Amino acid sequence: MSHQVPEDGTLLPLMEEFYTIQGEGFHTGKAAYFIRLGGCDVGCHWCDVKESWDATLHPLTTADQIIENAKKYPAKTVVITGGEPLIYNLDYLTKGLHEAGIQTFIETSGAYPLSGEWDWICLSPKKFKAPRKDVLEAAGELKVIVFNKSDFEWAEEHSKLVNSNCKLYLQPEWSKYSEMTPLIIDHVKDNPKWNISLQTHKYLNIP
């Protein structure tokens, strides 16, 4: 899984990078530069970017080049996603982005130790590999993907583990949207600490 990535994170397996609108969660609707790193062993069967799982398929790219690419765009916000980005040490990358005046957001399952300097942490835990305590406590946003009815109880359990200021979101898994959305609506009405997150980028037909 390491893909011979140096421990200092100066080289990272870059799957793709693109400028778009954040489609889901707390920052929905905001312009952001997305950096998708390859490598993940969490293995969600409904993952829509399974091509990100094998890090060796994606070229090792210098963190300095990634930072330079991000600096070209008007929005000074970067979202680092995957795969599972916390497989790697992200201290060097995020430090460089901050020095360039760019905010750093991450989307993670929380299954690996927290590294990097973050302005926002979106924790989207998966049943296949439990989130770590350090990520649970640091998360600004808990986003639970609802694939079946048992996910509601699982979401409630994790809502008790995050900090008291953490924003709570339930998001229907895309292939189960029609089935799960009415259940999510009812759950949020009964438990108003939760919010609904939708994958608006799919409706807008953007990355």
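Residues numbered from 1 in each chain as written. Predicted model: local features only at pLDDT ≥ 70, side-chain atom pairs only at ≥ 80, totals over all residues. Heavy atoms only, no water.

Engineer: So what exactly am I meant to see when it comes to the packing of aromatic side chains here?
Structural biologist: The geometry of an aromatic ring pair is captured by the separation of the ring centres together with the interplanar angle, meaning the angle of the planes. Counted by the stated rule, this structure contains 7 aromatic pairs. Their ring planes at 35° and their centres at 4.8 Å tell us that Tyr19 and Tyr73 sit as a pair that is tilted. Of this pair, Tyr19 sits in strand β1 (residues 11–21) while Tyr73 is found in the loop between α1 (63–70) and β4 (77–81), placing the two residues 54 residues apart along the sequence. Assessed through its relative accessible area of 29%, Tyr73 is described here as partly exposed. Between Phe26 and Trp120, the aromatic rings sit 4.6 Å apart at their centres with planes inclined by 20°, giving stacked as the arrangement. Residue Phe26 is found in the loop between β1 and β2 (31–37), and its partner Trp120 is found in strand β6 (residues 120–123); the two are separated by 94 residues along the sequence. A relative accessible area of 34% means that Phe26 is categorised as partly exposed. Relative accessible area serves as the criterion here: at 16%, Trp120 is assigned to the buried category. Aromatic ring contacts, followed pair by pair, group Tyr19, Tyr33 and Tyr73 into a single cluster. A cation over an aromatic ring shows up here: Lys176 above the ring of Phe147, its NZ or CZ 4.1 Å from the ring centre. (Phe/Tyr/Trp six-rings, centres within 6.5 Å; stacked < 30°, edge-to-face > 60°. Helix = DSSP H or I, 4+ residues; strand = E, 2+ residues; numbered from the N terminus. Buried < 20%, exposed > 50% of the residue type's maximum accessible area, 1.4 Å probe, protein only. Lys NZ or Arg CZ within 6 Å of the ring centre and 35° of its normal.)

Engineer: Sorry if this is basic, but what is going on with the state of the cysteines here?
Structural biologist: Here a disulfide denotes one covalent bond, and it connects the sulfur atoms of two cysteines. What the rule picks out here adds up to 0 disulfides. Residue Cys166 stays outside any disulfide, its sulfur separated by 8.7 Å from that of Cys122, the closest cysteine. (Disulfide = S-S within 2.5 Å.)

Engineer: Help me understand the nonpolar core in this model?
Structural biologist: Where a protein is soluble and globular, its nonpolar side chains tend to be buried together. Of all hydrophobic cores here, the largest spans 48 residues; its most connected members are Ile80, Leu90, Leu93 and Leu170. With 4 residues, the single largest contributor to this core is α1. Residues within four places of Leu90 in sequence aside, it is in contact with Leu12, Leu37, Ile80, Pro85, Ile106, Ser115, Gly116 and Trp118. Grouped together as the second largest cluster of nonpolar side chains are 6 residues, Ala32, Phe34, Val79 and Phe105 included. (Core = buried A, V, L, I, M, F, W, Y, C linked by side-chain atoms within 4.5 Å. Contact = heavy atoms within 4.5 Å.)

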